[in-house]
Amino acid sequence: MSGGFTKSMARNIFYGGSVFFILVFLALTFDTGKALPERDKREIINEQVALGKIVWEENNCIGCHTLLGEGAYFAPELGNVYKRFGNSTEAIKAFIASRPKEGVPGRRSMPQFNLSEEELEAVAQFLKYASEIDTADWPPNIQG
Amino acid sequence: MQYQSQAVAKPYFIAAIALFVGQVLFGLILGLQYVVGDFLFPEIPFNVARMVHTNLLIVWLLFGFMGASYFLVPEETETELHSPKLAILLFWVFLVAGVLTVLGYLLVPYATLAEITGNSLLPTMGREFLEQPTIIKIGIVVVALGFLYNITITVLKGRKTVVSTILLIGLWGLALMFLFAFYNPDNLVLDKYYWWWVVHLWVEGVWELIMAAILAFILIKTTGVDREVVEKWVYVIIAMTLITGIIGTGHHYYWIGTPEYWQWWGSIFSALEPIPFFMMVIFAFNMINRRRRDHPNKAAVLWAMGTAVMAFLGAGVWGFMHTLAPVNYYTHGSQITAAHGHMAFYGAYAMIVMAIISYAMPMLRGREAANSDRSQVLEMWSFWLMTVAMVFITLFLTGAGILQTWLQRVSENPQPFMQVQENIALFYWMREVAGVVFLIGLIVYIASFFVGGEERRLSRAGGSAAPAPAQARKE
């Protein structure tokens, strides 16, 4: 680099630039926090939905599926599965409950998680809640 | 080796390579499960194998970063490490915790693991990359604090250099951002928002500082270029990293329920994220061209150049490809993401760790500076095998991703996910073949450690030193 540009100038850009953009990021985070209640449908979250999120996590569903596009890419997107299954929590429950224990020969299959009725209902309600979040119109279509 | 205490780096590097092997083996299992859906089912379902694959990656890179720190900090600070004993103790704690975690994933159902480790007391499990039981996460924090204490005290008592300062900022940032792993609200949007503070601000933030510090150290040592020049470059590179990368977090906030202005902030700033990676390429090649001596460890220099180039391609180019919001609307959460993830992690982080291992290991094993020519040639073969294999893995996944995006999200009659997966299976087969080549490369890499021969020595002044091209030319 040319002689006019010194190491201390470079150092100041690093420290100054970093601090400045950390502050911008925190300001945007603060603003996002204020805007979220309009979009994240927090009023839907009840004890059942919260339990559903625990069931979702403790069975590592994200290890195969995406949820709002994040996760693994081995199995279908579930952020809109409630809508894809005809706005039916019963259909979601039936699907999870009916997975064959030994899988399907030669094909991908969801494991049988042996969920209780309470857990099934909770995870279905959690997925229903996820489908209500305002995701700026993502995914592009019902296939996820 | 200039300082006795640098020797503690050796077990860290060996563990890193061993866990890397595990990561790649599970990667091959995953790749096969993509096309032979019932492979190892129900014993090792996909989600379990994936946890092992990604968690081993993180753990071996952390081993690599810690080993790199223990090796380079004494040389940079010109003093012995504060406590080599603590470093060895923490090595065993971290290794045992890591092995127990992987065994936990493999031996019991994940829900059982959650139950026996008391996840209900402080639920943090079951989120991508943060699947470790809460108690293991607490252990990670303890190990990180012990490690940082050791390194920080060493830096404070010794010579302060830009390399060690940047490394410290990166390592402290790594530990600090990990604390967000303990925040897991019921609100899915908030959960995701702060989950990225761990994941994005690690790999597109503080980890890049660690990478830049390690790269700078290797270049100073192998090229003999004046430290002042290197340090100026490093400051500019990491300034660009954080200036673009912090707000660049916004590229994860397009479709998760966050306000839509993030589509602008995220697109603009993350479109600039390739800049620091491009500068790293220019930096590495520039320093090597201006070298004042020819270091006998050719393999280490090759890894140093390779990591800069592959990080630029994987993180920079493949990241840019799908980072603009209108593009990402169609590619989000597709095989495009997987393609980018593979090449970026390999290029930026796997390769920088192999670069420092390549530079340090000969000395840790009692050689003056470098392995024998035979050993180096084999190591360079492994470099090309793994790197070319990774290029093809990335290309095949990109092909799969483009088709997937088209069939599932763009075409007039969008097909269901599973049907699309069957239609693009050929690409997954080709990816798996490339994965096997990668494994062969890794085996060659390990073999290179066991090849003897006469070691390459540092060329003495006035001896049969190779000509230093930079001085021959007019600068």
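**Student:** Please set out the overall build of chain A residue by residue, giving values where relevant.
**Tutor:** If you tally the helices and strands in chain A, you get five helices and two strands. Along chain A, from the amino end to the carboxyl end, the secondary structure elements read α-α-β-β-α-α-α. Computed over the C-alpha atoms, the radius of gyration of chain A is 22 Å, more than 25% above the 15 Å expected from 2.2 N^0.38 for a compact globule of 144 residues. Overall size of chain A, expressed as C-alpha extent along the three principal axes, is 70 × 40 × 30 Å. Per-residue burial over chain A gives 53% buried out of 144 residues. Here the contacts in chain A between residues at least 6 apart in sequence split such that 57% fall between residues at least 24 apart. Counting only carbon and sulfur atoms, one obtains 58% of the accessible surface of chain A, whose full area is about 6,500 Å². Across chain A, the mean location of the 15 positive side-chain charges is 9 Å away from that of the 18 negative side-chain charges.

**Student:** How would you summarise the overall build of chain B if you had to cite specific residues and measurements?
**Tutor:** Counting secondary structure elements, chain B contains 17 helices and zero strands. For 475 residues, the compact-globule estimate of 2.2 N^0.38 gives 23 Å, and chain B sits close to it at 22 Å. Along the longest, intermediate and shortest principal axes, the C-alpha atoms of chain B span 75 × 50 × 45 Å. When the 475 residues of chain B are sorted by exposure, 65% land in the buried category. Long-range pairs, those at least 24 residues apart, make up 82% of the contacts in chain B between residues at least 6 apart in sequence. Entry remark: accessible area of chain B is about 17,200 Å², with carbon and sulfur atoms responsible for 70%. Taken as two groups, the 27 positive and 28 negative side-chain charges of chain B have centres that lie 11 Å from each other.

**Student:** Outline the interface of chain B and chain A, supporting the account with residue identities and numerical values.
**Tutor:** Taken together, the 89 residues of chain B in the interface contact 73 residues of chain A. Between chain B and chain A, a total of about 6,800 Å² is buried, with carbon and sulfur atoms accounting for 64% of that surface. Close ionic contact of Glu 231 of chain B with Lys 7 of chain A constitutes a salt bridge, the shortest N to O distance being 2.6 Å. At the boundary of chain B and chain A, one finds 39 residue pairs in polar contact (both at pLDDT 80 or more).

**Student:** Can you lay out unusual backbone geometry for me, pointing to particular residues and giving the numbers?
**Tutor:** The step from Trp 138 of chain A to Pro 139 of chain A runs through a cis peptide bond, and the omega angle for that step is -5°. A cis geometry characterises the amide bond from Phe 41 of chain B onward to Pro 42 of chain B, with omega recorded as 5°. Here Pro 42 of chain B is to be found in the loop between α1 (9-35) and α2 (46-77). At Lys 41 of chain A, a residue that is not glycine, the phi angle is positive and equals roughly 55°. Inspection of the secondary structure puts Lys 41 of chain A in the loop between α1 (7-35) and α2 (47-58). We note that Asn 114 of chain A has phi near 50°; this positive angle belongs to a residue other than glycine. With respect to the helices and strands, the residue Asn 114 of chain A is situated in the loop between α4 (89-97) and α5 (117-132).

**Student:** Run through the packing of α1 of chain A against helix α6 (residues 162-178) of chain B, naming residues and quoting values.
**Tutor:** The geometry of α1 of chain A relative to α6 of chain B is characterised by a closest axis approach of 14 Å and an angle of 5° between their N-to-C directions. When the axes of α1 of chain A and α6 of chain B are compared, the pair comes out roughly parallel. The segment α1 of chain A lies against α6 of chain B, with Lys 7, Phe 14 and Tyr 15 of chain A engaging Val 162, Thr 165, Ile 166 and Ile 169 of chain B. The residue inventory of the contact of α1 of chain A with α6 of chain B, partitioned by class, reads five nonpolar, one polar and one charged.

**Student:** So, a nonpolar patch on the surface: which residues are in play, and what are the values?
**Tutor:** A cluster of nonpolar residues, Val 96, Val 99, Leu 100, Leu 103 and Leu 107 of chain B, forms a patch on the protein surface that exposes about 460 Å² of accessible area. With respect to the helices, strands and loops of the structure, Val 96 of chain B is situated in helix α3 (residues 84-107).

**Student:** Describe helix α8 (residues 227-248) of chain B, naming the residues involved and giving the relevant values.
**Tutor:** Compared with the 32 Å implied by 1.5 Å per residue over 22 residues, the 30 Å span of α8 of chain B between its first and last C-alpha is a close match. Counting buried positions along α8 of chain B yields 19 of 22 residues, so the element is predominantly enclosed.

**Student:** Describe the nonpolar core, naming the residues involved and giving the relevant values.
**Tutor:** Counting 203 residues, the largest nonpolar core has Phe 63, Phe 65, Tyr 70, Trp 202, Trp 207 and Phe 283 of chain B as its most contacted members. Sorting elements by how many residues they give to this core places helix α7 (residues 188-223) of chain B first, with 27 residues. The contacts of Phe 65 of chain B, once residues within four sequence positions are left out, are Leu 174, Trp 207, Ile 210, Ile 214, Tyr 349, Ile 352 and Val 353 of chain B. By size, the runner-up hydrophobic cluster in this structure holds six residues, among which are Ala 136 and Trp 138 of chain A together with Tyr 254 and Ala 325 of chain B.

**Student:** Residue-level account of α1 of chain B, with values.
**Tutor:** The first and last C-alpha atoms of α1 of chain B sit 40 Å apart over 27 residues, in line with the 39 Å expected at 1.5 Å per residue. The buried fraction of α1 of chain B amounts to 19 of the 27 residues, a majority that puts the element mostly inside the structure.

**Student:** Which residues make up the packing of aromatic side chains, and what values do they have?
**Tutor:** According to the stated counting rule, one finds 59 aromatic pairs over all chains in the structure shown. Seen in terms of ring centroids, Tyr 70 of chain B and Phe 147 of chain B are 5.4 Å apart; in terms of plane orientation they differ by 90°. Their pairing is edge-to-face. Here Tyr 70 of chain B is found in helix α2, whereas its partner Phe 147 of chain B is found in helix α5 (residues 134-157), with 77 residues between them in sequence. Judged by relative accessible area, Tyr 70 of chain B falls into the buried class, the value being 0%. Of the residues examined, Phe 147 of chain B reaches a relative accessible area of 4% and is grouped as buried. Aromatic ring contacts, followed pair by pair, group Phe 25 of chain A together with Phe 180, Tyr 183, Tyr 193, Tyr 194, Trp 197, Tyr 253, Tyr 261 and Trp 262 of chain B into a single cluster. A cation over a ring is seen here: Arg 108 of chain A above Phe 74 of chain A, with NZ or CZ 4.4 Å from the ring centre.

Rules of the game
- Residues numbered from 1 in each chain as written.
- Chains lettered and ligands numbered in written order.
- Predicted model: local features only at pLDDT ≥ 70, side-chain atom pairs only at ≥ 80, totals over all residues.
- Heavy atoms only, no water.
- Helix = DSSP H or I, 4+ residues; strand = E, 2+ residues; numbered from the N terminus.
- Rg over C-alpha atoms; globule rule 2.2 N^0.38 Å.
- Buried < 20%, exposed > 50% of the residue type's maximum accessible area, 1.4 Å probe, protein only.
- Contact = heavy atoms within 4.5 Å.
- Areas by Shrake-Rupley, 256 points an atom, 1.4 Å probe, with all protein chains shown as cover.
- Lys, Arg positive; Asp, Glu negative; His and termini not counted.
- Charge placed at Lys NZ, Arg CZ, Asp CG, Glu CD.
- Buried area = accessible area lost by both parts, 1.4 Å probe.
- Salt bridge = Lys/Arg side-chain N within 4 Å of Asp/Glu carboxyl O.
- Polar contact = N/O pair within 3.5 Å; in protein donor to acceptor, adjacent residues only side chain to side chain.
- Axes fitted to C-alpha atoms, helices over the stretch in contact; angles between N-to-C directions.
- Parallel < 35°, antiparallel > 145°, perpendicular 65-115°, else oblique.
- Nonpolar A, V, L, I, M, F, W, Y, C, P; charged D, E, K, R; others polar.
- Patch = residues over 30% accessible without salt bridge, like charges linked within 9 Å, V, L, I, M, F, W, Y side chains within 5 Å.
- Expected span 1.5 Å × (residues − 1).
- Core = buried A, V, L, I, M, F, W, Y, C linked by side-chain atoms within 4.5 Å.
- Phe/Tyr/Trp six-rings, centres within 6.5 Å; stacked < 30°, edge-to-face > 60°.
- Lys NZ or Arg CZ within 6 Å of the ring centre and 35° of its normal.

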